[in-house]
Amino acid sequence: MCNLMLILKALTRVAYCLLTFSVLVGPLGSKVAFSQSTELVSYLQTFLDARKNGSYEESQRLGIQALRLGIKQLGESHPFTLNVIENLGATYEIQGKYEQNAKLYRQTIETLKKVLGPNHEQIAKFRHSLALVRHRQGLLVEAKKLYEKTLEMATSRYGTGHPKVASVLDNLGVLLMDQGNYEQAKKLISRALKIRRKHYNPVSSEIAFSLNNLGVLNTETGDYSKAEVYLQKSLDIRKKKLGLKNREVSTSLVNLGNVYLKQGKYEDAIKAYRKSLEIDKNILGDAHPDIATGLVNLGSALHSQGRYLEAEHAYKDALIIEEKVLGVEHIDSAYTLDALGQLYMDTAKYVDAEEIIRKALRVREKTLGTKHPRSADSIFSLAINLDYQNKLSKAEELYKRALRIRTERFGVENAETAMVLGQFGRFYSENGNVSEAERYLTQAVDIQEKVIGRSHPDTIISLKNLGDFYRGQAKYTKAENILKRAHSLANEKLLDQHSTFSDIKNSLALVYEDQARYSEAEKLLKEALLINRNLYGDKHPNVAANLSNIAGLYIDQERFAEAEKLYQTVLDIQKQVFGKNHSDLA
C-alpha cells in the first residue's frame, strides 16, 4: 500500500501561558476577602464543581447566574466578577463554544475600558484570553493582532524583561509556529525563556513552559534530537517541581511521545502516551474530554505501528467519551473521526472511511466554518479517500477546494499548502496529467525547502515523490539523482530504522529494476524489508508491499519459484490484516 501524504498527527499539547488564572485573585495578585459575599463564593464553588464533574451545561448555567449576581452585588470590574468571567470562558471553551467565549471576553474588555481606562492590566489580561480563543479557533490573523496589542501594553506597563511579557511572547511564538514561521517563532520563544531565566530558578514551572514550547517547535521543524532534549528537560523539571501525578507532567509526556512517534520509536511513544493517560485518569477520572484526547494519541501510535484493531478500539473509546460528555457535534470529535477514517483507509475499508470522514467534515464546517484550515483537513482526507476509490472527478474537485482554502488562509509558501500540492501532484501523475504533476510536485519541494528546510522529513518525502514521478516517466538518471539526494538527507536527519528510509530504498530499487540493475535493486529491497520488519513486525501491509516488490524483481529474472513463495506470504499477510473476503484480495 502506498503511504499517504496525509500525516497522522498526535494532538500536541502546547503550553499556552495565561497572564493570571488563579481562583479568587485580585488585579495585583492579592487574595480578596468575601466575608460579605459568602453566597457568591458558594455559588462560584458550585459552578466550578459542576465543571470539574463534567456537567458542562449545568456549569455554564451556574456560571451565568454567578456572573449576574457578581455584577449586581459587587460591580462589573470587581475581582470576583472578573474571576467568574474567566471561569465561565473556560467552560465555554471546553464545550467548543468559541464564539460565546469570544463575545464574553469582548464585552468584558469594553466594560473595563469604560470603568478602569484603556490601559489597565485587566484589559491586557482579557485581550490575551481573547487572543487564545481566536488562536484555538484557527483565526490566526485576528489572534496575532490581539497578541501584539497585548504585548505592546505589557511591555509599556512592565518593561521588556517582565515575566508577563514572556507569557505573551510564548503564545505569540506558538501562533507563528502554527503559521509556519518557525524562525520568528524560535526567536520569540527563546526570548521568553531568557526572560524567565532571569526571574525564576532553573527548575521552575515557568522555565518548563518555554522548554516545552521549544521542544514542540523543534518537533515541527524536524529537529527531533533537539526536541527530545528540550522536552526531556521540561519533563524532568515538572517531575521534580510538581511530582509525578500532575497535568503538566502529562503534557510533557504527550509531547515526548509525539517526538518518538515522528522518529518511528513506536514502543517509546506508546509508553509515553500510556503514562500520560494514567496520570490524567487519576486526576480527571475516566470520562473527561482530555482522556479522549489521550486515547487518540495512543491510537495514533498503535495505528502507525500497524496494530490496527487496538488503534480502532482506542479511537472508538475516545469517541464514546466525546459524544457523551461534549455532544456529537463537538470539534474534538472531528479530530477523532478523522483519525478513525485514516485507519479505515489504511486497512482498505474505503467506504467506511468515507462515511466517517464526511461526518468529521460536517462537524468542522458547522463548528468552524467552510473555509477553516481544519475543515480543509477533512476535505483533503476525503479527496484522498475518493482518489483511492477511483472517483477521480470528485477527488480532483476536493483537492482543488482544500488547496484553495489553505492558500487563502496561509498563502502559497506554507508547509500545509505544500502538502496538498504534493498529493495533488501524485494524483495527476497517477492519472496521466504529466505537466500538472511535475509542476505541483516540484512546487511542493521548492516551498518546503524554503519554509521548513531541505532536510525536514516532509521535504524528504516530497523529494521521494518527485523521484517516483520521474521514474514513471522513464527519466531514470533524474529519478536516481533525486532519490539519492533524498536518501542522503534522510541519513543526516533521521534514524536509520525510520520508515522514510524504507520508502526511499524501495523507490530507488524500482529505478534500478527498470534498468535491469537487478543486484543493486535486490540489495535495496531487502534493506527496506529489514527496516519495516524491525518497525512493524512480520504481519504488516508495508512488509507485504516490500515482499511483493521483491517477488516482482524475481519475476523479471525468471526466478518463478522464489516469487511464488513470496506472493503466498503477501497473500497471507493481507488476509490477516484485511480479512479473507476483502475486495483487495479478489
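Nothing here was measured: the structure is a model prediction, and the numbers come from that model.

K.L.:
Teacher, can you tell me more about the overall build of the protein chain here?
P.N.:
Helices and strands together make up the secondary structure of the protein chain, namely 26 helices and zero strands. Against the compact-globule benchmark of 25 Å for 586 residues, the protein chain has a radius of gyration of 26 Å, which places it among compact chains. Within the protein chain, the fraction of its 586 residues that count as buried is 55%. Across the protein chain, contacts joining residues at least 24 apart in sequence account for 63% of those joining residues at least 6 apart. Just so you have it, the protein chain exposes about 25,100 Å², and 49% of that area is on carbon and sulfur atoms. Across the protein chain, the centroid of the 82 positively charged side chains sits 6 Å from that of the 71 negatively charged ones.

K.L.:
So what exactly am I meant to see when it comes to the packing of aromatic side chains here?
P.N.:
The geometry of two aromatic rings is summed up by the distance between their centres and the angle between their planes. This model, assessed by the stated rule, comprises 12 aromatic pairs. Centroid distance Phe-424 to Tyr-428: 4.7 Å. Interplanar angle 15°. Geometry classified as stacked. In this pair, Phe-424 and Tyr-428 both sit in helix α19 (residues 415–430), four residues apart, roughly one turn of the helix. We note that Phe-424, like Tyr-428, is buried.

K.L.:
I tried to follow the side chain of Gln-95 on my own but got confused; where do I start?
P.N.:
Summarising the element assignment, Gln-95 is placed in the loop between α3 (79–94) and α4 (98–116). The class of Gln-95 is buried, set by a relative accessible area of 11%. Among the polar contacts made by the side chain of Gln-95, one reaches the main-chain carbonyl oxygen of Thr-91 at a distance of 3.2 Å. Those residues in contact with Gln-95, other than ones at most four positions away along the chain, are Tyr-56, Glu-57, Gln-60, Leu-326 and His-330.

K.L.:
How do you make sense of the pattern of salt bridges when you look at a structure like this?
P.N.:
Pairing of side chains with opposite charge becomes possible as their charged atoms draw close. If you walk through the whole model with that rule in mind, you get 43 salt bridges. Note that Glu-329 is salt-bridged to Lys-366, the shortest N-O span being 2.6 Å. Of the two residues, Glu-329 is situated in the loop between α14 (308–325) and α15 (331–346) and Lys-366 in helix α16 (residues 350–368); the sequence distance between them amounts to 37 residues. By relative accessible area, which is 42% here, Glu-329 ends up partly exposed. Here Lys-366 falls in the exposed class, since its relative accessible area comes to 62%. Where salt bridges share partners, they join Glu-99, Arg-106, Arg-134 and Glu-142 into one cluster.

K.L.:
What should I look at first to understand the environment of Gln-568 in this one?
P.N.:
Within the secondary structure layout, Gln-568 lies in helix α26 (residues 560–578). Residue Gln-568 is classed as partly exposed on the basis of its relative accessible area of 42%. Remark: the alpha-carbon pair of Gln-568 and Leu-547, spanning 21 residues in sequence, is separated by 9.8 Å.

Rules of the game
Residues numbered from 1 in each chain as written. Predicted model: local features only at pLDDT ≥ 70, side-chain atom pairs only at ≥ 80, totals over all residues. Heavy atoms only, no water. Helix = DSSP H or I, 4+ residues; strand = E, 2+ residues; numbered from the N terminus. Rg over C-alpha atoms; globule rule 2.2 N^0.38 Å. Buried < 20%, exposed > 50% of the residue type's maximum accessible area, 1.4 Å probe, protein only. Contact = heavy atoms within 4.5 Å. Areas by Shrake-Rupley, 256 points an atom, 1.4 Å probe, with all protein chains shown as cover. Lys, Arg positive; Asp, Glu negative; His and termini not counted. Charge placed at Lys NZ, Arg CZ, Asp CG, Glu CD. Phe/Tyr/Trp six-rings, centres within 6.5 Å; stacked < 30°, edge-to-face > 60°. Polar contact = N/O pair within 3.5 Å; in protein donor to acceptor, adjacent residues only side chain to side chain. Salt bridge = Lys/Arg side-chain N within 4 Å of Asp/Glu carboxyl O.

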